[in-house]
Amino acid sequence: MTGNAQAPLAVYLAAVPCADNGRPLRGTPAAPLPGYHDFLMKAAVRYTGQSAALFETVARSPLGKPFFPHAPHLHFSVSHSGAYWACVFASGSVGLDLQRHTPCDPARLSRRFFHPEETAYLQQRDFQAFFRIWTEKESFVKYLGTGFTRDPESFSVLSPPENVTFFHPPFLDDYDLCVCTRDAGPIVLYPL
Amino acid sequence: MLELIQKVVYQATGKTGVTYDTDFIQDLALNSFDIMNMVCMFEDRYDIEIPARDVWPLKQVRDVIDYLRRRGVVHP
């Protein structure tokens, strides 16, 4: 499917076994549990139909964007939150963010990290859309490949400087999931 | 200072078992939101601003302690 402009955006989701203290379980050396890299390899093999050997190594750009050195033209983005891990593959640049609705002070976080336009928008809505805006911002900086080395308060997803679209595939009620891309294709969710 | 960080990590993420060597991403699997949430808590507690560019090199708990000390933060 790689390089096919008509290909749908493929989102893969995996449940991460966690301990009571919230840490992901690692298993034992003799019987390790799958980790995030295992999920990514498995998803890449399913998406491309190619050998897992291509996806054994993950490198990072100077700004932290992950890529496969042996399959550098495969566009993907990964995210994790709570008990879930997710990744997306697309034919062009793409960013994904998954966020559990963690207890927090959304007004404080908005004042600190959001553009004034976003904060005003949220204030008018009693901050009900806080995690939707958060996931749009994070998926956008992942789409750009900068991560939050780009100051989050320097741009507004309500009027993004690039011609991108934010998709919110339905997921669990206490999570927000967002894909940022210029592609207009359908999004398909697959369990891992 | 370690106790403070344990408290902030717990308040922000519900995660426990933090030591000086704990890596926020590798060991606790924190994400960007967890880290930004913690940044706000440190800023409020010590009335400082922590620029985003300062945050990402702080991998382990001991890095945060060193950073806060460099910023003049003295925890009672």
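This is a predicted model, so every value here is computed, not measured. Residues take numbers from 1 onward in each chain, read along the sequence in its written order. Each chain takes a letter, starting from A, and each ligand takes a number, starting from 1, following the order in which they are written. Local features in a predicted model are, by the rule used here, given only for residues with pLDDT of at least 70; side-chain atom pairs are given and counted only at 80 or more, and totals for whole chains, interfaces and linings are based on all residues. Side-chain measures here rest on the full set of heavy atoms in the structure, leaving out hydrogens and waters.

For the rest of this paragraph, the subject is the packing of helix H1 (residues 2-13) of chain B against helix H2 (residues 32-46) of chain B. Residue and element names in this part refer to chain B. Every axis in this analysis is a line fitted to C-alpha atoms, fitted for helices over the stretch in contact. Angles between the N-to-C directions lie between 0 and 180 degrees. Starting at the N terminus, helices and strands are each numbered in turn, a helix being any DSSP run of H or I of at least four residues and a strand any DSSP run of E of at least two. Running from N to C, H1 and H2 point in directions that differ by 130°, and their axes come no closer than 9 Å. The angle between H1 and H2 places the two elements in the oblique class. Crossing angle aside, the handedness with which H1 passes H2 is right-handed. Together, Leu4, Ile5, Val8, Val9, Gln11, Ala12 and Thr13 of H1 and Asp34, Asn37, Met38, Met41, Phe42, Arg45 and Tyr46 of H2 make up the contact between the two elements. Throughout this description, any angle smaller than 35 degrees is read as roughly parallel, any larger than 145 degrees as roughly antiparallel, any in the 65 to 115 degree range as roughly perpendicular, and the remainder as oblique. Take the far helix as the reference: if the near one is turned anticlockwise from it by less than a right angle, the crossing is left-handed, and if turned clockwise, right-handed. Whether two residues touch is decided by their heavy atoms; if any such pair falls within 4.5 Å, the residues are in contact.

Turning to the interface of chain B and chain A, a few remarks are in order. Opposite the 26 residues of chain B that make contact, chain A presents 25 residues. We define buried area as the total accessible area lost by two parts upon association, computed with a 1.4 Å probe and summed across both. Counting the surface lost from both chain B and chain A, the interface buries some 1,900 Å², and carbon and sulfur atoms represent 52% of this. By definition, a salt bridge exists where a carboxyl oxygen of Asp or Glu is found within 4 Å of a side-chain nitrogen of Lys or Arg. Inspection of the region where chain B meets chain A yields three salt bridges. Residue Asp44 of chain B pairs with Arg108 of chain A through a salt bridge whose shortest N-O separation is 2.7 Å. The term polar contact refers here to a pair of N or O atoms within 3.5 Å; inside protein, the definition further demands a hydrogen-donor-capable atom paired with an acceptor-capable atom, and it admits residues adjacent in sequence only when both atoms are side-chain atoms. Applying the counting rule to chain B against chain A returns eight residue pairs in polar contact (both at pLDDT 80 or more). Here the side of chain B that touches chain A takes eight residues from H2 of chain B, the largest share from any one element. For the side of chain B that touches chain A, the per-class residue count stands at 13 nonpolar, eight polar and five charged. Under the convention adopted here, Pro, Cys and the residues Ala, Val, Leu, Ile, Met, Phe, Trp and Tyr are nonpolar, Asp, Glu, Lys and Arg are charged, and Gly plus all remaining residues are polar.

This part takes up empty space enclosed by the protein. Residues and elements named next belong to chain B. Here a cavity is any set of points on a 1 Å grid over the protein atoms alone where a 1.4 Å probe fits but cannot get out, and a pocket is any open set with protein on both sides within 12 Å along at least 5 of 7 lines; a residue lines the site when it has an atom within 4 Å of a point. Grid points are joined across faces, edges and corners, and a volume is the space filled by probe spheres set on the points. Using the criterion set out here, one finds one cavity of 30 Å³ or more in the structure. Estimates place the volume of the largest cavity at around 160 Å³. Secondary-structure elements contributing two or more residues to the lining of the largest cavity are H2 and helix H4 (61-70). For the lining of the largest cavity, the element with the most residues is H2, which contributes four residues.

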